[in-house]
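Chain by chain, the residues run as shown.
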Amino acid sequence: MVTPRDTGVTERRRPALPREVAAQAAAALTLRGLPGVGPVRFRELVDRFGGPREALAANPADFAGMAGRRAEENRVPGVPARHAREMVERCADTGIALLVYGTDGYPPALNDLNAPPSLLYARGRTELLREPGVAVVGSRRATAYGRRIAAQLGASLAGQGRCVVSGMAMGVDAAAHRGALPGPTAAVLGSGVDVVSPPRNGALYRDIVECGVVVSEYAPGVEAEPHHFPVRNRIIAALARDVVIVEASRRSGALITAGLALDLGREVHAVPGPIDRPTSEGTNRLIADGAGVIVDTGLQDAALHGAPPPVEPELRELLAVIPAAPVTVEEVALAADLPVTEVATSVTVLELRGYLTPTRDGRVMRTPGQAGMVVREKQRGASPLGNEMYTTHYKM
């Protein structure tokens, strides 16, 4: 296990958690500590009373009617409340953000789950979790081909301004994250958000915290366990609008993610592979059953011809003075000899179009590959998987 002290992430001085966030997080942890209050019951209580703190302060008869008599009997201030406060203080001290179901800041896409996480722990750019991303997942024992395609897809998608969601596991997941960096990427862990698993991904973890976000529903200090990964896969599927399976054996966990995604109404795509390799068995079966086929990562065209520049001359000229390294808006204005207010507006437009990527400290940099588009050629026929069949080209 790697704790916050030895993750190698540079700790910056952070303000204390907002009072409302801390109060709702403590209430959420207290509720979950009551007997009989699991994720489904927790959601019902929060939806009924308007928030975790409001649920915890509800009329005894109303609370017992929903949570049960044992939960009501244990609702008095005691051990669960004390443990909750200690956890919130620990997170505040170590720079871990708390995202509570039923409150502002919680990723809206997770509301599609029957049992969404009651509380998420995160480090990095939590705003990335509020916009639908693209999940790129696959085998831990990926081939060189699988790792290469995953990295190319990560770079292409991040170049379009899409957040690349994966699980930071060895193989396909790690390759997708590395390809996306320094663009937007989100790692969903099967351990506490302060535990680097596997440990050899320590450098990748630090880079994701710096440029993207690491998130988990497991409390800090919790080590990865095999049964955690199918549970965390539902978060990956929910955060994504599209799920891409790069390589997967017949019993791969990536296929669990694909099934969860289909249940949530997400689109599932797969990368074809040699029919005599076990790592292609799952993806080829998905394609045979109607999943979209990834036939082009888009990086080849970008490498040969370059990404298309913005149409507006003023945006093209501004983009030309912005380097690959992070710079402030003031530095861009000085280089372009333009007013800061005018440059700030143009930078925002370039960010929204995917040409620029913001850094955690408020600076901007060119997005790798710049911007592009996703072209989908819809084919005839309905998919047995429940989504329509697509040939998908991720083009720059």
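Student: Go over the overall build of the chain with me, naming the residues and quoting the values.
Tutor: Looking only at helices and strands, the chain has 16 helices and 13 strands in total. The burial tally for the chain puts 51% of its 396 residues in the buried class. Intrachain contacts of the chain at a sequence separation of at least 6 include 70% that bridge at least 24 residues. In the structure as shown, the chain presents an accessible area of about 18000 Å², 53% of it carried by carbon and sulfur atoms.

Student: Now, about the pattern of salt bridges: what can you tell me, with residues and values included?
Tutor: In total, this model carries 11 salt bridges according to the counting rule given. Among the ionic pairs, Asp-194 bridges to Arg-90, the shortest N-O distance being 3.7 Å. Of this pair, Asp-194 sits in the loop between β5 (185-188) and α9 (202-211) while Arg-90 sits in helix α6 (residues 79-93), and the two are 104 residues apart along the sequence. Taking relative accessible area as the criterion, Arg-90 reaches 38% and is therefore assigned partly exposed.

Student: So what's going on with unusual backbone geometry? Which residues, and what values?
Tutor: Residues other than glycine predominantly adopt negative phi, and peptide bonds predominantly adopt the trans conformation. A cis amide bond, omega 5 degrees, links Leu-181 with the succeeding residue Pro-182. Topologically, Pro-182 is positioned in the loop between α8 (172-180) and β5. Here Ser-197 and Pro-198 are connected by a cis peptide whose omega angle stands at 0 degrees. If you trace the backbone, Pro-198 turns up in the loop between β5 and α9. Positive phi outside glycine occurs at Asp-337, with the angle close to 55 degrees. As for its position among the elements, Asp-337 is in the loop between α15 (329-336) and α16 (340-352).

Student: Which residues make up helix α14 (residues 313-320), and what values go with them?
Tutor: Among the residues making up α14, those that are buried are Leu-315, Leu-318 and Leu-319. Within α14, the buried residues cover an arc of 100 degrees as seen down the axis, which keeps them to one side. Exposed residues pointing more than 90 degrees away from the buried face of α14 are listed as Glu-317 and Ala-320. Where α14 is buried, its residues meet α15, α16, β10 (356-358) and β11 (364-366).

Student: Hey, could you go over the environment of Glu-247 for me, with residue numbers and the actual values?
Tutor: Tracing the backbone through its elements, the reader meets Glu-247 in the loop between β7 (240-245) and α11 (253-263). The buried category is assigned to Glu-247, whose relative accessible area is 2%. The spacing of Glu-247 and Ser-280 is 33 residues in sequence and 5.5 Å in space, taken between C-alpha atoms. A polar contact of 2.6 Å, which involves the side chain of Glu-247, links it to the side chain of Thr-143.

Student: Lay out the confidence of the model for the chain in plain terms, naming residues and giving numbers.
Tutor: Averaged over all residues, the pLDDT of the chain is 84; the fraction at 70 or higher stands at 85%. Taken element by element, the predicted model of the chain shows its lowest mean pLDDT in strand β12 (residues 373-378) (31) and its highest in strand β6 (residues 213-216) (98).

Student: Which residues make up the pairing of β5, and what are the values?
Tutor: Side chains Thr-185 and Ala-187 project from β5 onto one buried face, and the interleaved Ala-186 and Val-188 project onto a second face that is buried too. Pairing of strand β4 (residues 164-166) with β5, which is carried by 3 bridges, proceeds in the parallel orientation. What sits directly across from Val-165, in β5, is Ala-186. At this point the chain moves from β4, through α8, to the parallel β5, and the crossover so formed is right-handed. Alignment of β5 against β6, held across 3 bridges, turns out to be parallel. Paired with Ala-186 across the strands is Val-213, a residue of β6.

Student: Go over α15, please, and point to the residues and values.
Tutor: For α15, the set of buried residues is Val-329, Val-332 and Ala-333. Buried residues of α15 fall within an arc of 100 degrees about the axis and therefore sit on the same side. In α15, the exposed positions that point more than 90 degrees away from the buried face belong to Leu-334 and Ala-335. The inward-facing, buried residues of α15 contact α14 and α16.

Student: I'd like a description of the packing of helix α1 (residues 19-32) against helix α2 (residues 39-49), backed by residues and values.
Tutor: Here α1 crosses α2 at 130 degrees, and the two axes come no closer than 10 Å. Comparing the axis directions of α1 and α2 gives the class oblique. Between α1 and α2 the crossing geometry is right-handed. On α2, the residues touching Ala-28, Leu-31 and Arg-32 of α1 are Pro-39, Phe-42 and Leu-45.

Student: Requested: an account of the side chain of Arg-266, with residues and values cited.
Tutor: Structurally, Arg-266 is set in the loop between α11 and β8 (267-270). The exposure class of Arg-266 is buried, given its relative accessible area of 11%. Among the polar contacts listed, one links the side chain of Arg-266 to the side chain of Asp-112, at a separation of 2.9 Å. Engagement of the side chain of Arg-266 in a polar contact is seen with the backbone oxygen of Ala-238, the distance being 2.7 Å.

Student: So, the side chain of Arg-43: which residues are in play, and what are the values?
Tutor: Secondary-structure assignment places Arg-43 in helix α2. In this structure Arg-43 comes out as buried when scored by relative accessible area, which is 18%. The residues contacting Arg-43, other than those within four sequence positions of it, are Tyr-101, Asn-111, Leu-113, Asn-114 and Pro-116.

Student: Quick one: what's the story with the packing of aromatic side chains, residue by residue and with numbers?
Tutor: A ring pair, where both rings are aromatic, is described by two values, the distance of the centres and the angle of the planes. Counting across every chain of the model gives 1 aromatic pair. Residues Tyr-101 and Tyr-106 carry aromatic rings whose centres are separated by 5.5 Å and whose planes lie at 90 degrees to one another, so their mutual orientation is edge-to-face. By the burial criterion, Tyr-101 is buried, and Tyr-106 matches it. Here Arg-75 stacks its cationic end above the ring of Phe-63, 4.3 Å away from the centre of that ring. A cation sits over an aromatic face here: Arg-140 above Phe-229, 4.9 Å from the ring centre.

Cut-offs and rules
- Residues numbered from 1 in each chain as written.
- Predicted model: local features only at pLDDT ≥ 70, side-chain atom pairs only at ≥ 80, totals over all residues.
- Heavy atoms only, no water.
- Helix = DSSP H or I, 4+ residues; strand = E, 2+ residues; numbered from the N terminus.
- Buried < 20%, exposed > 50% of the residue type's maximum accessible area, 1.4 Å probe, protein only.
- Contact = heavy atoms within 4.5 Å.
- Areas by Shrake-Rupley, 256 points an atom, 1.4 Å probe, with all protein chains shown as cover.
- Salt bridge = Lys/Arg side-chain N within 4 Å of Asp/Glu carboxyl O.
- Arc of directions from axis to C-beta.
- Polar contact = N/O pair within 3.5 Å; in protein donor to acceptor, adjacent residues only side chain to side chain.
- pLDDT = per-residue confidence, 0-100.
- Pairing = 2+ DSSP bridges.
- Right-handed = clockwise from strand over helix to strand, strands pointing away.
- Axes fitted to C-alpha atoms, helices over the stretch in contact; angles between N-to-C directions.
- Parallel < 35°, antiparallel > 145°, perpendicular 65-115°, else oblique.
- Left-handed = near helix turned anticlockwise from the far one by under 90°.
- Phe/Tyr/Trp six-rings, centres within 6.5 Å; stacked < 30°, edge-to-face > 60°.
- Lys NZ or Arg CZ within 6 Å of the ring centre and 35° of its normal.

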